[in-house]
Amino acid sequence: MRQQIINFAKSLGFDLVGFSPSKIESKYLEAFDEWIEKGNEGEMSYMRKIEQRRDLTQILPGAKSVIVLALNYYREQEDVKEGEGKVARYAYGRDYHKIITKKLKMLVKFLEEIAPEHKHRAYVDTGPILERALAEQAGIGVIGKNACLITPEFGSWVFISEIITTLELAFEVAPSPFKIKTHPCGNCRKCIDACPTGAIIAPGVIDSRLCISYLTIENKDKIPPELAEIIRKTKRLYGCDICQEVCPHNGAREKITTHGELTMPKIAGSELNLDEVLAIKSSEDFLQKFAGSPVMRAKREGLARNAKVVKG
Ligand code: B12
Ligand code: SF4
Ligand code: SF4
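Per chain, residues are indexed from 1 in the order of the written sequence. The order in which chains are written sets their letters, starting at A; the order in which ligands are written sets their numbers, starting at 1. A pLDDT threshold of at least 70 governs which residues receive local features in this predicted model, and a stricter bar of 80 or more applies before side-chain atom pairs are shown or counted, although totals over entire chains, interfaces and linings include all residues.

Per the domain assignment, the segments of the protein are domain 1 (2-75 + 95-165) and domain 2 (190-311). Domain extents, as shown, originate in an automatic or database domain assignment. One C-alpha centre belongs to domain 1, the other to domain 2, and the line joining them spans 23 Å. Facing the 28 residues of domain 1 at the interface are 30 residues of domain 2. Looking at the side of domain 1 that touches domain 2, the elements that each hand over two or more residues are β2 (65-72) and α4 (96-114). In terms of residue class, the side of domain 1 that touches domain 2 is made up of 14 nonpolar, eight polar and six charged. A residue pair is marked as a contact if its C-beta atoms, positioned from the backbone, fall within 7 Å. In this description a helix means any DSSP run of H or I spanning at least four residues, a strand means any run of E spanning at least two, and both kinds are numbered starting from the N terminus. When residues are grouped by polarity, Ala, Val, Leu, Ile, Met, Phe, Trp, Tyr, Cys and Pro land in nonpolar, Asp, Glu, Lys and Arg in charged, and all others, Gly among them, in polar.

Mapped onto the elements of the fold, R209 is located in the loop between β9 (205-206) and α7 (212-218). Of the residues examined, R209 has 18 C-beta atoms within 10 Å and is grouped as partly exposed. It is 26 Å that separates the C-alpha atoms of R209 and P248, two residues lying 39 residues apart in sequence. Beyond its immediate sequence surroundings of up to four residues, R209 is in contact with G42 and Y214. Residues are called buried when their C-beta atom has 20 or more other C-beta atoms within 10 Å, exposed when it has 12 or fewer, and partly exposed otherwise; all C-beta atoms are positioned from the backbone.

Each residue receives a C-beta atom placed from its backbone. It is near a molecule or strand if this atom lies within 6 Å of it. Lining the immediate surroundings of ligand 2 are C195, T197, A199, I200, I206, C211, I212, S213, C240, I242 and C243. Sorting the residues of the shell around ligand 2 by element identifies α7 and α9 (242-245) as the ones contributing at least two each. Each residue belonging to the shell around ligand 2 can be placed in one class, and the counts come to nine nonpolar, two polar and no charged.

Here it is in structure tokens:
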């Protein structure tokens, strides 16, 4: 059955497929607890749904396994010109949540056909699930010091999604897919040194309150002046890829995405003109320009705030 699932998932366009037991190892739960205790989630109150993250049977009674899927989204980017701000790679075209949810629904339908007596529940990003922990447990990749899941095939440029199921598909945690005994980061600390705001406060741990991704996407408030000054220098208008751009695993492995749905149509693209962003005066105009794009999450006010910051 595992092979049937892999074949079908790949036919839907998923690049990597792995299986994890639904039980999450205590080292991840402890890391998560500590992260919350220190307030590293900032204002993302949805991250405080701790109990469901600890125990997937709270989401799906009888959950036994998790099918973890990864989809490569890498694309090349050039330096932005004067008057422009950078958009993180994941936000180039249509929102991946929609694209992947459609594929997950087809995979669930397939599971219902081959295992009608079982229950399955699909998630991509928005559920109270420790996706990187599950992906590591499924043997798809390894979590790096930049906190990202790094895969041997595509580096860290992958979206993670999963189907929680009552099927018994994995009895134990899979080994690392990197064919080495040590952690693939070794003594490297390029991401920690390159993070302009010092948001990687320990290997694998991000203080969201300092992270440009959080500050430009999730945060609804004013950006503190000292952080705004750093963002201005990095020209990051929406999201941040710096700790992935410097990672040697990415340099050696990145492959341009073959998923046309992620790049066609281009919506936000790789960069936006700051004056054009600031010229959007109503939510209707914002919707017209960015409908279907991840950029919608920041709302007109958030993107305009970022544009002012990058303009300086
Ligand atoms: C909240 C969130 C954010 C927050 C916080 C980020 C963070 N690192 O926690 C903010 C807004 C900053 C953010 C930014 C980004 N995000 Co985000 N985000 C999430 C979300 C919704 C939850 C992550 C979470 O649970 N964080 C809490 C921490 C504690 O968990 P964690 O990062 O998974 O860390 C685990 C391990 O690192 C490990 N661990 C950590 N420390 C230690 C220490 C020890 C000793 C041990 C043993 C283990 C360990 O245990 C942790 C818990 O399982 C996930 C989707 C999901 N449901 O999982 C997407 C997700 C992590 N984000 C994603 C992406 C793409 C990004 C950005 C690249 C977007 C961008 N370009 O701007 C950046 C990358 C920033 C970074 N370096 O992490 C992808 C990551 C894909 C990948 N290859 O890893 C995810 C999985 C979404 C998806 N479905 O694809 N994100
Ligand atoms: S996404 Fe940017 S700000 Fe956040 S940890 Fe990585 S390099 Fe630092
Ligand atoms: S930059 Fe170096 S330390 Fe950071 S995740 Fe990549 S290999 Fe690990």
